[in-house]
There are 2 protein chains.
Amino acid sequence: MTRILVTNDDGIHSDGLQKLEEAMRELGDVYVVAPASEMSGASHSLTLARPLRIRQLDNRHWAIDGTPTDCVTLALNKILPPEELPDICVSGINHGGNLGDDATYSGTVAGALEATILGVPGIALSLVARDHFNFAAAASIAVTAAKKVLEEGLPEGTLLNINIPPGEIKGVKVTRQGIKNARPVITEHIDPRGKPYFWIGEEYFNTNSAEGTDYYAVEMGYVSVTPLRSDMTDHQALTAIETWNYLKEPELLQKG
Amino acid sequence: MTRILVTNDDGIHSDGLQKLEEAMRELGDVYVVAPASEMSGASHSLTLARPLRIRQLDNRHWAIDGTPTDCVTLALNKILPPEELPDICVSGINHGGNLGDDATYSGTVAGALEATILGVPGIALSLVARDHFNFAAAASIAVTAAKKVLEEGLPEGTLLNINIPPGEIKGVKVTRQGIKNARPVITEHIDPRGKPYFWIGEEYFNTNSAEGTDYYAVEMGYVSVTPLRSDMTDHQALTAIETWNYLKEPELLQKG
């Protein structure tokens, strides 16, 4: 029997997770290990400085007071029996897109990344919308993609970051990450005790949606499937940096 | 005058940050914007669900109750005047290594990554040790590397992840990320009220320290300089995944 781990960063009670879970039942046994509350922007953070609580809701659902990365590592190393590790991990469906550079801040992507690092193929799913979330379409795409990954596998260290456009879906495009030219807008307010506080928001402008990028695909009404690597090495830069003279400077060694 | 932004994930009062700040004064004006408390394992997380406090300690030091990513985005978009943006951002010196896959969990690396995404060249510095931190050697290497980056620049979207070995330094190697074959060990205890809690730890075994990797360089006593990309696209996998038939399956579109 195929085993499927479902997680997310919007929290265990979010609509997107519930729709994903329902859809995945078509493919096998589903286990849900997800944050107890919203963890958007958690990136690949792992909780090391404090203990975590695992709350088992029933024999298929666990809520954790931590990040998506905590959830996946606890699922694979504590909650699920070692002989019953999942065949795949799907993370989402996120309420909002994870396109371009935003993938690096995303807890949704991090859930799939953590599974990938621990040897379980991972897929992250996000719905590019602010309201009117068409989870039915997104869940159907999740099933098709998961089925394909279960059949074909993924290269070691590679995960899929899937973004679903709002509105009518024209098809699927395999894409590369685009570059976001966004400037965060920091709002400043005064609290009831008269002290200032700051809130990080974001103003999008001039998104670089060149052809072939995830931004472009979604703008054109296509599902964007971006393969991401856990290895961030810039292989192109390796050679250039190796020629830097300082690497041979004896000065460095004397000082050190 | 060269302007240098210093941040870290161990917190504004950590030794590694103070040593880095002192060393950087050799190169220009130094501004420190760092987490008020320890943020190890914060990865590239951005605090979106709650407000942040900025505590100005003097005209060169700000402490923030957030992550390294929060610190860098606030430094560049709120704290420093737009006409005085830094020429470089150095993050560290971390108390402990950030090698292989661990780079993706690291708040130290994330500080440099955030600067890179916002258009400021970034360097992350970590000292591979558990105690007896030789910050003098690490700070000297930080100065040499920062000087080189200020002279040569870095490719757009590329940052440097520098790990300094313990003990005598034999030289510098430009490396790729290694793969950690570590299994997290989750410890379980009972709290004073009789309820279980879990703490994520890590047991290293069989680290894959092939020649050319960051692990190998540090093991051999060399400083490891790994260029990392903010773009995680797996370009090799693009073609393979494009051939998947499901991309053309009309079934997908009908369902969606």
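Use the structure listed above.
None of the values given here were measured: they were computed from a predicted structure.

Reading the values: rules and limits
- Per-chain numbering applies: the sequence of each chain, read as written, is numbered from 1 onward.
- In the order they appear in the text, chains get letters beginning with A and ligands get numbers beginning with 1.
- Only residues with pLDDT of 70 or above have their local features reported here, since the model is predicted, and side-chain atom pairs are shown and tallied only from 80 upward, although totals for entire chains, interfaces and linings are computed over all residues.
- Note on conventions: DSSP H or I runs of at least 4 residues are helices, E runs of at least 2 residues are strands, and numbering of each starts at the N terminus.
- It is over C-alpha atoms that the radius of gyration is taken, and the globule rule equals 2.2 Å times the number of residues to the power 0.38.
- Any residue whose C-beta has 12 or fewer other C-beta atoms within 10 Å is treated as exposed, any with 20 or more as buried, and any in between as partly exposed, C-beta atoms being built from the backbone.
- Our contact criterion uses C-beta atoms placed from the backbone: two residues qualify when those atoms are within 7 Å.
- Basically, the charged four are Asp, Glu, Lys and Arg, the nonpolar ten are Ala, Val, Leu, Ile, Met, Phe, Trp, Tyr, Cys and Pro, and anything else, Gly included, counts as polar.
- Note on definitions: a nonpolar core is a set of buried residues drawn from Ala, Val, Leu, Ile, Met, Phe, Trp, Tyr and Cys, linked by C-beta atoms within 7 Å.
- Strands are labelled as partners when DSSP assigns at least two bridges between them.
- All axes here are fitted lines through C-alpha atoms, helices being fitted over the stretch that makes contact, and every angle between N-to-C directions spans 0 to 180 degrees.
- The atoms used to superpose the copies are C-alpha atoms, taken from residues with pLDDT of at least 70 in both, and the fit is least squares.

**Considering the overall build of chain A**
For step 1, the next point in the chain: The number of helices and strands found in chain A is seven helices and eleven strands.
For step 2, the next point in the chain: Radius of gyration (C-alpha) of chain A: 20 Å, near the 18 Å computed for a compact globule of 256 residues.
For step 3, the next point in the chain: With respect to the principal axes defined by its C-alpha atoms, chain A has extents near 60 × 50 × 45 Å.
For step 4, the next point in the chain: Classification of the 256 residues of chain A by burial places 55% in the buried group.
For step 5, the next point in the chain: For chain A, the share of sequence-separated contacts (at least 6 apart) that also reach a separation of at least 24 residues comes to 74%.

**Points about the environment of Ala142(A)**
For step 1, the next point in the chain: Residue position: Ala142(A) is located in helix α4 (residues 135–152).
For step 2, the next point in the chain: Contacts of Ala142(A), omitting those with residues within four sequence positions, involve Leu20(A), Ala23(A), Val90(A), Ile93(A) and Leu125(A).

**As for the interface of chain B and chain A**
For step 1, the next point in the chain: Taken together, the 69 residues of chain B in the interface contact 69 residues of chain A.
For step 2, the next point in the chain: Those elements that place two or more of their residues in the side of chain B that touches chain A are α2 (68–79), α3 (107–117), α4 (135–152), β8 (171–174), β10 (196–200), β11 (222–229), α6 (235–242) and α7 (250–255) of chain B.
For step 3, the next point in the chain: Take the side of chain B that touches chain A: its biggest share by element is six residues, from α4(B).
For step 4, the next point in the chain: Residues of the side of chain B that touches chain A, tallied by class, amount to 36 nonpolar, 19 polar and 14 charged.

**Remarks on the nonpolar core**
For step 1, the next point in the chain: In this structure, Val90(A), Ile123(A), Ala142(A), Val90(B), Ile123(B) and Ala142(B) are the most contacted members of the largest nonpolar core, which totals 152 residues.
For step 2, the next point in the chain: Setting aside anything within four residues of it in sequence, one finds Ile123(A) in contact with Val90(A), Ala112(A), Ala145(A), Ala146(A), Val149(A), Leu159(A), Leu160(A) and Ile162(A).

**So, the sheet that holds strand β3 (residues 54–58) of chain A**
Residue and element names in this part refer to chain A.
For step 1, the next point in the chain: The strand order β3-β4-β2-β1-β5-β6-β7-β11-β8 describes an open sheet built from nine strands, whose pairing is mixed. Among the strands making up the open sheet, the edge pair consists of β3 and β8 (171–174). Within this sheet the neighbouring strands show an average axis-to-axis angle of 20 degrees, counted without direction.
For step 2, the next point in the chain: Of the strand pairs in this sheet, strand β7 (residues 158–164) and strand β11 (residues 222–229) are connected by six bridges, and their pairing is antiparallel.

**Overview of the sheet that holds strand β1 (residues 3–7) of chain B**
Residues and elements named next belong to chain B.
For step 1, the next point in the chain: With mixed pairing, the nine strands of this open sheet are ordered in space as β3-β4-β2-β1-β5-β6-β7-β11-β8. In the strand order of this sheet, the two ends are held by β3 (54–58) and β8, each with one partner. Across the sheet, the mean angle from the axis of one strand to that of its neighbour is 20 degrees, orientation sign disregarded.
For step 2, the next point in the chain: Taken together, the five bridges between strand β6 (residues 122–127) and strand β7 (residues 158–164) define a ladder with parallel strand orientation. Residue Ile123 lies in a different strand from β7, and its bridge partner there is Leu160.

**Brief notes about the relation of the copies chain B and chain A**
For step 1, the next point in the chain: Least-squares fitting of chain B to chain A yields an RMSD of 0.0 Å, with the superposition described by an axial translation of 0.0 Å and a rotation of 180 degrees. Both copies are brought into coincidence by an operation consistent with a two-fold rotation axis.
For step 2, the next point in the chain: Comparing interface residues between copies, 100% of those in chain B also sit at the interface in chain A, which points to an isologous, same-surface contact.

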